[in-house]
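Coordinates in review
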Amino acid sequence: MLKDLFGKKKKYTPIPGENAKKDIPQGLMQKCDSCKKIFYQKDLHKNLNVCPECGQHHLISAHDRINSLFDEGTFKEWDQDLLSDNPLQFPEYEEKIAKDRKKTGLNEAVVTGEGKIHDSRTAIAVMDARFRMGSMGSVVGEKIARAIERARKERMPIIIFTASGGARMQEGILSLMQMAKTSIAIERLHREKGLFISVMTNPTTGGVSASFASIGDYNFAEPGALIGFAGRRIIEQTIREKLPKDFQTAEFQLKHGQIDKVIPRQEMRDTLGTILEIHTIGGGTDEASARV
């Protein structure tokens, strides 16, 4: 009896059953990859997926980015009906594409269109890393090239937000061809004094970084974005040297002259709006270019 009264009782932690687990809302909380703090997803979403504690820029969908940039109700999407095929009959490629379409609500890894930022008409292409890691297949390259060509013909500036792991391996050489196609389209735009603003986000690597992403009239990046061609491990093995800790970050690229400015996501709309206003005289970039 005394043993029962004064003895230490074991403490047990109850394990919630399956029914209790089902009652917990999915996607309610999100942990920051950098500072490890946990936030309500809706609060993080209101802050444009930027951690309010440490400033880490988390993944943002193409449409959320577009909504954060354009004047309300002005955006019109282009070429939404373009769909990827399986030209090399790569095993399970079509199933993976279908899965990403269902997961993201997108038909491909880039959204293109036009709208107004601070009342300045502009074309845009926004890559979405949730879809095949933003890899550049034939349709991605075609949509970007078409957007550039349309911007050139209609005398609009174009802004491209990159987020890509590089070329899409399932399409082989057809994917690599998109590097040349998009770069040539940018060259045509430059010859006619059109304005191209490149904004590199996390990650911008491989064939995308080696083509159109790096040849803007302005080359910007978001804080902490990974920007480069080959991976750190491959480079270190090739040159047999240890690379700096911040190698291939946006800040490293700025320090070494690869980009012009690192812009926080909350400041992106106003910064782009100011640049568009500077380059637009009398309502058209063609007139502005003629006077430069």
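As the structure is a computational prediction, the values presented were derived from the model and not from experiment.

Brief notes about the packing of aromatic side chains
Per the stated rule, a full pass over the model turns up three aromatic pairs. A ring pair is formed by F247 and F252, whose centres lie 5.3 Å apart and whose planes are at 75 degrees; its orientation type is edge-to-face. Here F247 and F252 have matching classes, each one buried.

Looking at helix α5 (residues 93–104)
Between its terminal C-alpha atoms α5 stretches 17 Å, which fits the 16 Å expected from 12 residues at 1.5 Å a residue. Restricting attention to buried positions, one finds in α5 the residues Y93, I97, D100 and T104. Seen along its axis, α5 keeps its buried residues to an arc of 65 degrees; they face one direction. Facing away from the buried side of α5 by more than 90 degrees, the exposed set consists of E95, K99 and K102. Where α5 ends, the next residue or the one after it, G105, has phi of about 75 degrees, a positive value.

Digging into the pattern of salt bridges
Pairing between side chains of opposite charge can happen when the charged atoms of each approach one another. Scanning the entire structure with this criterion turns up 21 salt bridges. The salt bridge partner of E222 is R65, with a shortest N-O separation of 2.9 Å. Placement of E222 in the loop between β8 (218–221) and β9 (227–228) and of R65 in helix α4 (residues 62–69) is noted, with a sequence separation of 157 residues between them. Using a relative accessible area of 2% as the deciding quantity, one classes E222 as buried. For R65, a relative accessible area of 6% translates into the label buried. Here E192 and R155 are joined by a salt bridge, their closest N and O atoms 3.9 Å apart. Linking E192 in the loop between α7 (172–191) and β7 (196–205) with R155 in the loop between α6 (138–153) and β6 (158–164), this pair joins segments that are 37 residues apart in sequence.

Notes on the packing of α6 against α7
Contact geometry of α6 with α7 gives a least axis separation of 9 Å together with a crossing angle of 5 degrees. What the angle tells us is that α6 and α7 run roughly parallel. From α6, S138, G141, E142, I144, A145, I148, E149, A151 and R152 reach across to α7, where they touch L174, Q178, K181, T182, A185, I186, R188 and L189.

Let's talk about unusual backbone geometry
The omega angle of the peptide bond from N202 to P203 is -10 degrees, so this bond is cis rather than trans. Counting through the fold element by element, P203 comes out in strand β7. Look at Q89: it is not a glycine, yet its phi comes out positive at around 50 degrees. Despite not being glycine, Q248 shows a phi value in the positive range, around 70 degrees. Among the secondary structure elements, Q248 is positioned in the loop between α9 (232–239) and α10 (250–255). By relative accessible area, Q248 is classed as buried at 9%.

The rules behind each value
Residues numbered from 1 in each chain as written. Predicted model: local features only at pLDDT ≥ 70, side-chain atom pairs only at ≥ 80, totals over all residues. Heavy atoms only, no water. Phe/Tyr/Trp six-rings, centres within 6.5 Å; stacked < 30°, edge-to-face > 60°. Buried < 20%, exposed > 50% of the residue type's maximum accessible area, 1.4 Å probe, protein only. Helix = DSSP H or I, 4+ residues; strand = E, 2+ residues; numbered from the N terminus. Expected span 1.5 Å × (residues − 1). Arc of directions from axis to C-beta. Salt bridge = Lys/Arg side-chain N within 4 Å of Asp/Glu carboxyl O. Axes fitted to C-alpha atoms, helices over the stretch in contact; angles between N-to-C directions. Parallel < 35°, antiparallel > 145°, perpendicular 65-115°, else oblique. Contact = heavy atoms within 4.5 Å.

Everything listed here is a matter of geometry and, on its own, says nothing about what the molecule does.
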